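Structural characterization, general
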Amino acid sequence: MYTQAMDLVPQPSEGGDKEISADEKQLQLQFDARIDAGEFIEAKDWMPENFRKTLIRQISQHAHSEIVGMLPEGNWVTRAPTLKRKAILLAKIQDEGGHGLYLYAAAETLGISRDQMLEALHSGRAKYSSIFNYPTLTWADMGVVGWLVDGAAIMNQVPICRCSYAPYARAMVRICREESFHQRQGFDALLTMMTKGTAGQRAMVQDAVNRWWWPSLMMFGPPDADSPNSAQSMRWGIKRISNDDLRQKFIDAAVPQSEVLGVRLPDPDLKWNEARGHYDYGPIDWKEFWQVVGGDGPCNRERLAARVSAWEDGAWVRQAAMAYAEKHAELQPAS
Amino acid sequence: MNSEKKEWPLWEVFVRSKAGLDHKHCGSLHAPDGKMALKMARDVYTRRMEGTSIWVVRSDQIFASDPAEKGMLFDPMESKVYRHPTFYELPESVNHM
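Thoughts on the overall build of chain A
Within chain A, the secondary structure is distributed over 13 helices and two strands. Taken against the 2.2 N^0.38 rule, which gives 20 Å for 335 residues, the C-alpha radius of gyration of chain A at 22 Å falls within 12% of a compact globule. With respect to the three principal axes, the spread of C-alpha positions in chain A is 65 × 60 × 35 Å. Taking as baseline every contact in chain A between residues at least 6 positions apart, the subset at least 24 positions apart corresponds to 79%. For chain A, the accessible surface area stands at approximately 15,600 Å², while carbon and sulfur atoms represent 56% of it. Here chain A carries 37 positive and 43 negative side-chain charges, and the mean point of each set is 5 Å from the other.

Printed below as a string of structure tokens:
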């Protein structure tokens, strides 16, 4: 599922003012040349400290998003309308968990531990995608989350498959391959309700679209002019396409899809602009976005509390499994 | 031993996608021991029939070459073109050997 511009807050030039030795300058030049040549950087290769820190922040927050992203969907597992939809929903949630694990492992290659990352999430220091701080109120939300939220995530994630940091890129290739079913199953669920459902079910779908459309557009992050770290991330090959370009691409794809479904997108300014070759759209409420990012969305506290209690309630299991493994290792004759 | 607060060790996962092919590295995961690592690898890396066999190995047991020595280790092979069959130009009539 994922990511909005994860790297939202301007970062101080971490270690940027430090004296750089001649050796390091040489390494920096070699690194820049490799990036320019489109080469991949592997875990053990030399990299600038800020490159490492930026990646740790982005990959770990991407991982947190996958894990927290399981919560809004978990809300509907027991109330899925049919066994088929329940099996699909379970498979999707299991994928999100898997995606979180691929990404945590990719971040660990940069020298941060799993526990450190979880501690940052649980203490509220690390962010996750703000979209998951909205509630899933009806079954139609499950369809719309698949269609719009996963759709936006895929749009965001596909360019990261070409990210300059290879372990991240490899994780993203796997994730993107698995993720496309997420969007399709959502659209399929909505189409079923819109074409075979009752008037009440169609109204439920429209209501869900009304609530999720704008937050989905916010998933691409603030406008390019307000994205302080974008230029550096582009330079490093971590980011390939700008927030606004991705958002436009998403809107251009979503409008015809909404027509197939027969739902209205809740934006009176939305219309085709022949000259631009794109849809124009109305202003996004960035005040709401920053409020949710800052911790004051509808479900921020609930989501974090659910993660913390899952971690704490599972502590005895982790400890018991470790104690068992250590005991058996001791009993094992040395070979 | 004190297992409290201790992170489960890291394992590297190798999957054979079908009989006849090599096991290929596909990622890593944390697990308390090999048996659990196998079970978890099955859930994390083979949810869509990606495998017929899994190997797991403790990450700290892997010895890896140093990227800084890449040139020293691998560049000398660049000049040894005679190790490739295409180096040898043979008459047309026997060139398929």
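Considering the state of the cysteines
One pass over the full model with this rule turns up zero disulfides over all chains. Of all cysteine sulfurs, the one in C161(A) lies closest to C163(A), which takes part in no disulfide; the gap is 9.7 Å. Looking at the unpaired C26(B), the closest cysteine sulfur is the one in C161(A), lying at 17 Å. Looking at C26(B), the relative accessible area reads 19%, which means it is buried.

So, the packing of aromatic side chains
Residues and elements named next belong to chain A. Here the structure, examined in full by the defined rule, presents 14 aromatic pairs over all chains. Every member of this aromatic cluster is reached through a ring pair, and the members are F31, W46, F51 and W236. Cation over ring: R174 sits above Y102, and NZ or CZ is 5.5 Å from the ring centre. Sitting above the plane of the W311 ring, R318 keeps its charged end 3.4 Å from the centroid.

A few points about the sheet that holds strand β1 (residues 10-16) of chain B
Residue and element names in this part refer to chain B. Taken in spatial order, the three strands make up an open sheet running β2-β1-β3, and their pairing is antiparallel. Taken across any chain shown, the strands that pair with only one partner, and hence form the sheet edges, are β2 (23-30) and β3 (53-58). Taken pair by pair, the neighbouring strands of this sheet meet at an average axis angle of 25°, ignoring direction. Pairing of β1 with β2, which is carried by seven bridges, proceeds in the antiparallel orientation. Bridging across to β2, V13 finds its partner in G27. Across the sheet, helix α1 (residues 34-45) is in contact with β1, β2 and β3; its angle to β2 comes to roughly 105°.

Examining helix α6 (residues 139-157) of chain A
Since the α-helix turns once every 3.6 residues, residues separated by three or four places project in the same direction. When the terminal C-alpha atoms of α6(A) are compared, their 26 Å separation across 19 residues agrees well with the 27 Å that a helix rising 1.5 Å per residue should span. With 19 of its 19 residues buried, α6(A) lies for the most part within the structure.

As for the side chain of N243(A)
Residue and element names in this part refer to chain A. Structurally, N243 can be placed in helix α10 (residues 243-261). Reaching out from N243, the side chain makes a polar contact with the backbone oxygen of P222 at a distance of 2.9 Å. A polar side-chain atom of N243 sits 3.1 Å from a polar atom in the side chain of S227.

Regarding the pattern of salt bridges
Oppositely charged side chains can pair when the atoms bearing their charge come close. All names here are of chain A. Overall, the coordinates contain 24 salt bridges over all chains when judged by the stated rule. Note that D280 and R276 form a salt bridge whose closest N and O atoms lie 2.9 Å from each other. By relative accessible area, D280 is classed as partly exposed at 22%. Judged by its relative accessible area of 40%, R276 is partly exposed. Between D296 and R301 there is a salt bridge, with the nearest N and O atoms lying 2.7 Å from each other. By relative accessible area, which is 56% here, R301 ends up exposed.

Cut-offs applied
Position labels on residues start from 1 in each chain and follow its written sequence. Written order decides the labels, with chains lettered from A and ligands numbered from 1. Only residues with pLDDT of at least 70 are given local features in this predicted model, and only at 80 or more are side-chain atom pairs given and counted; all residues enter the totals for whole chains, interfaces and linings. As a rule here, side-chain values come from all non-hydrogen atoms in the structure, and water together with hydrogens is ignored. The helix and strand labels rest on DSSP assignments: H or I over at least four residues marks a helix, E over at least two residues marks a strand, and numbering proceeds from the N terminus. For this measure, only C-alpha atoms enter the radius of gyration; the expected value for a globule follows 2.2 Å times N^0.38, where N is the number of residues. Working rule for contacts: check all heavy atoms of both residues, and any pair within 4.5 Å makes them a contact. Residue-level accessible areas treat just the shown protein chains as cover; the underlying method is Shrake-Rupley with a 1.4 Å probe. Charged-residue counts in this description rest on Lys and Arg as positive and Asp and Glu as negative, His and the chain ends being excluded. For this purpose, a charge sits on NZ of Lys, CZ of Arg, CG of Asp or CD of Glu. Any two cysteine sulfur atoms within 2.5 Å of one another count as a disulfide. Type-normalised accessible area, obtained with a 1.4 Å probe on protein chains alone, sets the label of each residue: buried when under 20%, exposed when over 50%, and partly exposed for intermediate values. Paired rings are identified among Phe, Tyr and Trp, the last through its six-membered ring, by centres lying within 6.5 Å, and are further divided according to the angle between planes into stacked (under 30 degrees), edge-to-face (over 60) and tilted (the rest). Here, a charge over a ring is recorded when the distance from Lys NZ or Arg CZ to the ring centre is within 6 Å and its angle to the ring normal is within 35 degrees. Two strands pair if DSSP finds at least two bridges between them. Angles run from 0 to 180 degrees between N-to-C directions of axes, and those axes are lines fitted to C-alpha atoms, restricted for helices to the stretch in contact. A helix is expected to span 1.5 Å multiplied by its residue count minus one. For the purposes of these results, a polar contact is taken to be a pair of N or O atoms within 3.5 Å, where, inside protein, one atom must be able to donate a hydrogen and its partner to accept one; residues adjacent in sequence count only when each atom of the pair is a side-chain atom. A pairing counts as a salt bridge when a side-chain nitrogen of Lys or Arg comes within 4 Å of a carboxyl oxygen of Asp or Glu.

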